[in-house]
Amino acid sequence: MWTYSIVLALLLFWAVGAYNRLIRLRSAVLQAFGALDAQLVRWVALLAEYEAARRLPDGEGVPRSAADDAHAALVAAATQLSASLAVARARPLDEGAVAALATADEVLETAWQALLRAAAQASEGVAPPALAPWIHQREQLALHTGEARRQYNVAVQHYNQGVGQFPASLLAWLFGMKKGRSL
């Protein structure tokens, strides 16, 4: 009788400790995603500022004839990133939502590079001076976003290890905790 009570008590204490560890790891992922989210929101805001500056009537900015297609692709990519970010924000450990966010991020980077190439071609090989502040801001933002992405990926890796370890994996299965996806 005493033996069963002791084993049951040990099992209960282990289960509570393992569950709390999984919740802490999940919380770390959510916190890391919050930092990444803030950086990606800044990226979308930067593109909105660029869009507003491009529409100025004084003729400043990228020559419209050279970069119209690239600009349209950039606007579409920013819209895609914003929509994917909204979905991933609601479910930062959902594999599909994070995969869509990663794809949107890659599409945005490709569109940005295409815009720079189009602007450089229109300006005989050099980026126009009107783009210089945007290029600088984007580079600074890319550094911060890269660090936030790295922290998120590390947190997801730790969470996935916790969810995948036996016997904690039994608790993860019981409570519906699934492995996350890195960016």
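Up top is the structure these notes are about.
As a starting point, this report considers the structure included with it. All chains use their own residue numbering, which begins from 1 and follows the written sequence. Since the coordinates come from a predicted model, pLDDT governs what is reported: local features require at least 70, and pairs of side-chain atoms require 80 or more to be given and counted, while whole-chain, interface and lining totals use all residues. The side-chain numbers reported here are obtained from all heavy atoms of the structure, hydrogens and water having been left aside.

1. Quick word on the overall build of the protein
And step 1. Where helices and strands are cited, they refer to DSSP runs of H or I of at least four residues and of E of at least two residues respectively, numbered from the N terminus. Assigned secondary structure in the protein consists of five helices and zero strands.
And step 2. When the elements of the protein are put in sequence order from the N terminus, they spell out α-α-α-α-α.
And step 3. Considering only contacts in the protein between residues 6 or more positions apart, those separated by 24 or more positions represent 75%.
And step 4. Where accessible areas are quoted, they stem from the Shrake-Rupley method and a 1.4 Å probe; at the residue level, only the protein chains shown are allowed to cover. Looking at the protein as shown, the accessible area adds up to about 10600 Å², and 62% of this sits on carbon and sulfur atoms. Residue contacts follow a heavy-atom distance rule, with two residues in contact if any of their heavy atoms lie within 4.5 Å.

2. A closer look at the nonpolar core
And step 1. What makes a nonpolar core is a set of buried Ala, Val, Leu, Ile, Met, Phe, Trp, Tyr and Cys residues whose side-chain atoms join them at distances within 4.5 Å. Only protein chains enter the accessibility calculation, which uses a 1.4 Å probe; a residue whose area is less than 20% of its type maximum is buried, one above 50% is exposed, and one in between is partly exposed. In terms of nonpolar packing, the biggest core is built from 45 residues, with W43, L74, L108, W112 and Y152 touching the most fellow members.
And step 2. Looking at this core, the elements that each hand over two or more residues are helix 1 (2-54), helix 2 (64-90), helix 3 (95-122), helix 4 (132-164) and helix 5 (168-174).
And step 3. The leading source of residues in this core is helix 1, at 13 residues.
And step 4. Apart from residues no more than four positions distant in its own chain, W43 is found in contact with L81, L108, W112, R138 and L141.

3. Some remarks on the layout of surface pockets
And step 1. In this analysis a 1.4 Å probe is tested at points of a 1 Å grid over the protein atoms alone, and where it fits but cannot get out there is a cavity; an open set with protein on both sides within 12 Å along at least five of seven lines is a pocket; lining residues have an atom within 4 Å of a point. Grid points are joined across faces, edges and corners, and a volume is the space filled by probe spheres set on the points. Taken as a whole, the largest pocket holds about 170 Å³ of empty space.
And step 2. Taken together, R26, A90, R91, P92, L93, D94, Y159, G176, M177, K178 and K179 make up the full set of residues lining the largest pocket.
And step 3. Nonpolar residues are Ala, Val, Leu, Ile, Met, Phe, Trp, Tyr, Cys and Pro. Charged residues are Asp, Glu, Lys and Arg, and all others, Gly as well, are polar. For the lining of the largest pocket, the residue count by class is five nonpolar, one polar and five charged.

4. As for unusual backbone geometry
Among all residues except glycine, the phi angle is most often negative; among peptide bonds, the trans geometry is most common.
And step 1. Note that the residue after F166, namely P167, is joined by a cis bond; omega there is 10°.
And step 2. Note that P167 resides in the loop between helix 4 and helix 5.

5. Quick notes on the packing of aromatic side chains
And step 1. Note on aromatic pairs: the rings of Phe, Tyr and Trp (six-membered ring only in Trp) are paired at centre separations within 6.5 Å, and the planes decide the class, stacked below 30 degrees, edge-to-face beyond 60, tilted for the rest. Counted under the stated rule, the structure contains five aromatic pairs.
And step 2. Relative to Y152, the ring of F33 lies with its centre 5.7 Å away and its plane at 65°, an arrangement referred to as edge-to-face. Taken together, the positions of F33 in helix 1 and Y152 in helix 4 put the pair 119 residues apart, joining distant regions of the chain.
And step 3. Of the residues examined, F33 reaches a relative accessible area of 3% and is grouped as buried.

6. Remarks on the pattern of salt bridges
And step 1. Throughout this description, the term salt bridge denotes a Lys or Arg side-chain nitrogen within 4 Å of a carboxyl oxygen of Asp or Glu. On inspection of all chains with the given rule, the structure shows five salt bridges.
And step 2. Of the charged contacts, one joins E109 and R138 as a salt bridge, the two residues approaching to 2.1 Å between their closest N and O atoms. One end of the pair, E109, is in helix 3; the other, R138, is in helix 4, with 29 residues separating them in the sequence.
And step 3. Judged by its relative accessible area of 27%, E109 falls in the partly exposed class.

7. Let's talk about the packing of helix 3 against helix 4
And step 1. Axes here refer to lines fitted to C-alpha atoms; in helices the fit is confined to the stretch in contact. Angles between the N-to-C directions go from 0 to 180 degrees. Two numbers describe how helix 3 lies on helix 4: the axes approach to 13 Å, and their chain directions differ by 160°. For the element pair helix 3 / helix 4, the angle class is roughly antiparallel. Two packed elements cross with a definite hand, and for helix 3 against helix 4 that hand is left-handed. The segment helix 3 lies against helix 4, with V98, D105, E109, W112 and L116 engaging W134, I135, R138, R149 and Y152.
And step 2. Split into classes, the residues belonging to the contact of helix 3 with helix 4 amount to six nonpolar, no polar and four charged. Roughly parallel covers angles under 35 degrees, roughly antiparallel covers those over 145, roughly perpendicular covers 65 to 115, and oblique covers all other angles. Left-handed describes a crossing in which the near helix is turned anticlockwise from the far one by less than a right angle; the clockwise case is right-handed.

8. Re the side chain of T145
And step 1. Here T145 lies in helix 4.
And step 2. Those residues in contact with T145 that sit more than four places away from it in its chain are L36, Q39 and L40.

9. Remarks on the environment of R42
And step 1. By secondary structure assignment, the location of R42 is in helix 1.
And step 2. In this structure, the C-alpha to C-alpha distance between R42 and T145, residues 103 residues apart in sequence, is 9.3 Å.

10. A few points about the packing of helix 1 against helix 3
And step 1. Contact geometry of helix 1 with helix 3 gives a least axis separation of 13 Å together with a crossing angle of 35°. Note on packing geometry: the crossing formed by helix 1 with helix 3 is left-handed. Facing helix 1, whose interface residues are F33, L40, W43, L47 and Y50, helix 3 presents L101, D105, L108, W112 and L115.
And step 2. Class assignment for the residues of the contact of helix 1 with helix 3 results in nine nonpolar, no polar and one charged.

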